[in-house]
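Geometric and topological summary
Here's the letter readout for the chains.
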Amino acid sequence: MMIEQFWNEYKKQNPNAPENLPEAWSFGSGADMADELLGLVLAGKKTATCSLHVLYEIDDEAIPEVGGYNIILNGAGEPHVITRQTSVEFIPFNEVDEEFARAEGEGDLSYSYWHDGHVRYFSNLLETYGRTFDPTMLIVCERFELCMTR
């Protein structure tokens, strides 16, 4: 199913949804990670995500806003869910709390699992931009609700 078709299906069921097509993206990097994290969303375990604030500036992308929608893709680039942000906060990486880490739904749900995995992920990602990870970097912490599944 095409992304636009998926959004139009949602709008038919939700006439108050915005006309504009939301951003479509997949979690993480690579098809396997995208499918794994999408599975956590579908299972109700993943209700939050985070990203590096600096990358919004570098890539000249809009920062997520409360009430905004996203179309989440699987590893093959197909639309699978629509989410809506219920909370967006800017927090230094080293100040993220256990509760948020658990809401990301990954691994054993511990803060240490979240912390170590995100240090690796963000370090590798920043390397592609010629940058270095710093634990005081601002991250965009989003909480979301599931609005529609394929």
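Residues numbered from 1 in each chain as written. Predicted model: local features only at pLDDT ≥ 70, side-chain atom pairs only at ≥ 80, totals over all residues. Heavy atoms only, no water.

**Here's the deal with a negative patch on the surface**
A surface patch of negative charge is lined by E23, D59, D60 and E61. Looking at the secondary structure, you find E23 in strand β1 (residues 23–25). We classify E23 as partly exposed; its relative accessible area is 45%. (Patch = residues over 30% accessible without salt bridge, like charges linked within 9 Å, V, L, I, M, F, W, Y side chains within 5 Å. Areas by Shrake-Rupley, 256 points an atom, 1.4 Å probe, with all protein chains shown as cover. Salt bridge = Lys/Arg side-chain N within 4 Å of Asp/Glu carboxyl O. Lys, Arg positive; Asp, Glu negative; His and termini not counted. Charge placed at Lys NZ, Arg CZ, Asp CG, Glu CD. Helix = DSSP H or I, 4+ residues; strand = E, 2+ residues; numbered from the N terminus. Buried < 20%, exposed > 50% of the residue type's maximum accessible area, 1.4 Å probe, protein only.)

**Re the pairing of strand β2 (residues 48–52)**
Taken across its five residues, β2 has five buried, putting it largely inside the fold. Of the two faces of β2, the one carrying A48, C50 and L52 and the one carrying T49 and S51 are both buried. Here β2 runs beside strand β5 (residues 138–149); their pairing, made up of five bridges, is antiparallel. When the bridges of β5 are listed, A48 appears paired with R143. (Pairing = 2+ DSSP bridges.)

**Looking at the pattern of salt bridges**
This structure, assessed with the given rule, holds six salt bridges. Between E106 and K46 there is a salt bridge; the shortest N-O distance is 3.1 Å. Of this pair, E106 sits in the loop between α4 (98–103) and α5 (111–127) while K46 sits in the loop between α2 (31–42) and β2, placing them 60 residues apart in sequence. Given the relative accessible area of 18%, E106 is considered buried. A relative accessible area of 2% means that K46 is categorised as buried. Put simply, K46, E104 and E106 are held in one network by salt bridges that share partners.

**Let's talk about the packing of aromatic side chains**
Each aromatic ring pair is characterised by the separation of its centres together with the angle its planes make. Enumeration over the complete set of coordinates arrives at eleven aromatic pairs. Relative to F122, the ring of F93 lies with its centre 6.1 Å away and its plane at 75 degrees, an arrangement referred to as edge-to-face. Pair noted here: F93 is in the loop between β4 (79–92) and α4 and F122 is in helix α5, with a separation of 29 residues, a long-range link. In this structure, F93 and F122 share a single accessibility class: buried. Ring centres of F122 and F133 lie 6.5 Å apart, and the angle between their planes is 25 degrees; on these two criteria the pair is classed as stacked. Here F122 is found in helix α5, whereas its partner F133 is found in the loop between α5 and β5, with eleven residues between them in sequence. With relative accessibility at 16%, the residue F133 sits in the buried group. The cationic tip of K46 hangs over the ring face of F27; the distance from NZ or CZ to the ring centre is 5.1 Å. (Phe/Tyr/Trp six-rings, centres within 6.5 Å; stacked < 30°, edge-to-face > 60°. Lys NZ or Arg CZ within 6 Å of the ring centre and 35° of its normal.)

Read these as spatial facts, not as claims about activity.
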